[in-house]
Amino acid sequence: MAVEPTQNIDTLLLEERTYPPPPEFAAQANAQASIYDEDFEAFWDREGKERVTWFEPYTELYQWDRPYAKWYLGGTLNVSYNCVDRHVEAGLGGRVAYHWEGEPDGDRRDLTYGDLQKEVAAFANALKELGVKKGTAVAIYMGMIPELPIAMLACTRLGAPHTVVFGGFSADSLSARINDMGCEFVITQDEAWRRGTTVALKKIIDEALQETPGVKGTVVVRRTGNDVPMTEGRDHWYDDVRGSDDPASCPPEPMDAEELLFLMYTSGTTAKPKGIAHTTAGYLVGVATTHRYIFDLKPETDVYWCAADVGWITGHSYIVYGPLCNGATSVMYEGTPDYPDKDRWWSIVERYGVTILYTAPTAIRTHMKWGPEYAQKHDLSSLRLLGSVGEPINPEAWIWYHEHIGGERCPVVDTWWQTETGMIMITPLPGVTTTKPGSATKPFPGVDAAIYSEQGEEVGPGGGGYLVLRRPWPAMLRGIYGDDARYRETYWAKYGDVYFAGDGARVDQDGDFWLMGRVDDVMNVSGHRISTTEVESALVDHKEVAEAAVAARNDAMTGQAIVAFVTLKGGGEGSVEKLEELRNHVATKIGPIAKPANIVFTPELPKTRSGKIMRRLLRDVAEHRPLGDTTTLADPTVVAELQTRGAEEQSRED
Ligand code: WTA
């Protein structure tokens, strides 16, 4: 979160309240205190054997050729086999894998592991028939319907790496990802439901495919049933190409441990998103292990709900691969939390008897704003554990969650991790850790996290600095797709021998970690990573914009909000219409999630004498703070003007 870490870290008041694990919870927990004493290699070796089923066992636990790691070398396995078939073979075909709830009232579907096995086989056969085989890259652009995990699993069954693009991204974002990965096929749906209206996913695909010469075909799942244009020879309705659902007709492809499983694109400090590469075995072991211990999963009895979107890493790791590998029963919900009313989530918890809920601080704050009465209308007594992810959770939100949702009986696990880490890295273990609202507490067993100063020295208890990871972990990214130099530069150049996460953090006297947000030009809006440069490029792409700079300000609801400073060509003045036009332009270029909340129109941006935009000052203006040091400014009158304009900024909220 573009902040000066020292300033932020020094002024932070530490939360004093502590919550030891309830004794009854501790007594039955999957992870006991001794888990922290285990040797790192012995730990990951045991988990490698217990969490997944191998076709060929691995012969070497890991290799660390910094900055690249390999795990479970020599082993072969298949992800769809591990997530589906083996559970059916173990006699669990009748267990529900997903209680799926569509947004329209009464739209529900339960899929057992047996159903899932058939659906995955049918989808994989369809893809195979169209020409997808081991190594064919596939893009998936869908809403939260069962066919999304089914399509992902079908790809893994064939050994075809996928990239799932979140349904809120624009055609431009989509084509950039499709081209970067070299996708040959795209899986989508006619339209998605969102807050009672439809999102035209297929139409956006059609636009994206104008720019993607490598795409040979699409598969379109019917969701709303409305008419959408289909291109003869390229587009196929899933109903027409669905294959045999006999799993034996489509055996899972044995994959080498280190073969590519998927790419997940994420924002960095430049305009071009990074294709974060995750491979097969280490990723699967990492997500299954963390899911089991951190969420204390009892697959026979728990009903687990991660309320994220499958289009982000949280959904990949903790809606699809981790829970299915562990044979969990999950809830999957298609729509928004306030449709048809603000108690929708709590009605879902009650209906399915959800025992574990995992969501983001931004969602918790939204529920907080709506008030506890919506939760009080429902019986939430089935809940026994709560989780949080995506951004630092403010203590008030933590306490509200604990009290109003968890009835003060559920441990809260605040989990820190990233698209790059693949799995949760810093987190309480619910039966072991004494939690503190706002702290993600301790590194997961086997994870070596530390705080470094700017100079690369480890900072002791009480100190603040940058979060680093010093030892490889199974689900660690295997690089940025096709860009070794950027991988080294982004994560390894700062300190040379440790992974630089890009987050500011401090560690307290008990060794608990407190995450402070991003220290680079990456913003975190509602738990979504968006780069300032990406939004700036989208703004400058507009024909009337001469120059743009973007900063984040703190926002009570979304964590951070985007403030853009824009200079129009020919010294044009801004207006409410221009503001709307620019916001929509950003939505078209990147997606609605990246729309600036505010735009300040200004004849000039504050620059140093060498022409560098002084972002620090823009952040001060965005936050309505007194300005810091302005002595290096080329023209000091610019900021005075900006401050006046910042106070009268044109603002809109979605
Ligand atoms: C932030 C999401 C504080 C952090 C899984 C990180 C957090 C970025 C937490 C990764 C947390 C995530 N406390 N900050 N519990 N969880 N973050 O790649 O800045 O979408 O670097 O992965 O989110 O976001 P990403």
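Fair warning: this is a prediction, and the values are worked out from it, not measured in the lab.

Conventions and cut-offs
- Residues numbered from 1 in each chain as written.
- Predicted model: local features only at pLDDT ≥ 70, side-chain atom pairs only at ≥ 80, totals over all residues.
- Heavy atoms only, no water.
- Pairing = 2+ DSSP bridges.
- Helix = DSSP H or I, 4+ residues; strand = E, 2+ residues; numbered from the N terminus.
- Axes fitted to C-alpha atoms, helices over the stretch in contact; angles between N-to-C directions.
- Core = buried A, V, L, I, M, F, W, Y, C linked by side-chain atoms within 4.5 Å.
- Buried < 20%, exposed > 50% of the residue type's maximum accessible area, 1.4 Å probe, protein only.
- Contact = heavy atoms within 4.5 Å.
- Domains from an automatic or database assignment.
- Salt bridge = Lys/Arg side-chain N within 4 Å of Asp/Glu carboxyl O.
- Polar contact = N/O pair within 3.5 Å; in protein donor to acceptor, adjacent residues only side chain to side chain.
- Nonpolar A, V, L, I, M, F, W, Y, C, P; charged D, E, K, R; others polar.
- Disulfide = S-S within 2.5 Å.

## Re the sheet that holds strand S6 (residues 138-141)
What links the strands of a sheet is backbone hydrogen bonding, and the strands pair in either a parallel or an antiparallel sense.
In step 1: Judged by pairing direction, the sheet is mixed, and its 7 strands sit side by side in the order S12-S11-S8-S6-S7-S14-S15 without closing on themselves. For this open sheet the edge positions go to strand S12 (235-237) and strand S15 (274-279), each flanked by a neighbour on one side alone. Each adjacent strand pair in this sheet contributes to an overall mean axis angle of 25°, direction not counted.
In step 2: Here strand S7 (residues 162-164) runs beside strand S14 (residues 260-266); their pairing, made up of 2 bridges, is parallel.

## Examining the nonpolar core
Taken as a class, soluble globular proteins show a tendency for nonpolar side chains to be buried jointly.
In step 1: Residues Trp44, Tyr72, Phe123, Ile140, Tyr321 and Leu467 are the most contacted members of the largest nonpolar core, which totals 114 residues.
In step 2: In this view, isoleucine 140 contacts Leu148, Ala151, Met152, Cys155, His162, Thr163, Val164, Val165 and Ile187; residues no more than four positions away in its chain are not counted.
In step 3: Within the second largest apolar cluster, 43 residues are counted, among which are Ala139, Ala171, Met523 and Leu579.

## Some remarks on the domain arrangement of the protein chain
Often the size quoted for an interface is simply the accessible area lost on bringing the parts together.
In step 1: For the protein chain, the assigned domains are domain 1 (23-134 + 256-503) and domain 2 (526-653).
In step 2: Here the C-alpha centre of domain 2 lies 34 Å away from the C-alpha centre of domain 1.
In step 3: Contact with domain 1, which involves 18 residues of that partner, is made by 14 residues of domain 2.
In step 4: Connecting domain 1 to domain 2 are 1 salt bridge.
In step 5: Across the pair glutamate 420 and arginine 529 runs a salt bridge whose closest N-O atoms are separated by 2.9 Å.
In step 6: Linking domain 1 with domain 2 are 9 residue pairs in polar contact (both at pLDDT 80 or more).
In step 7: The leading source of residues in the side of domain 1 that touches domain 2 is helix H13 (residues 361-370), at 4 residues.
In step 8: Residues that form the side of domain 1 that touches domain 2 fall into these classes: 3 nonpolar, 10 polar and 5 charged.

## A look at the state of the cysteines
In step 1: This model, assessed by the stated rule, comprises 0 disulfides.
In step 2: Take cysteine 83: it sits in no disulfide, and the sulfur closest to it among the cysteines is that of cysteine 325, at 5.1 Å.
In step 3: The closest cysteine sulfur to the non-disulfide-bonded cysteine 155 is located on cysteine 183, 9.5 Å from its own sulfur.
In step 4: By relative accessible area, which is 0% here, cysteine 155 ends up buried.

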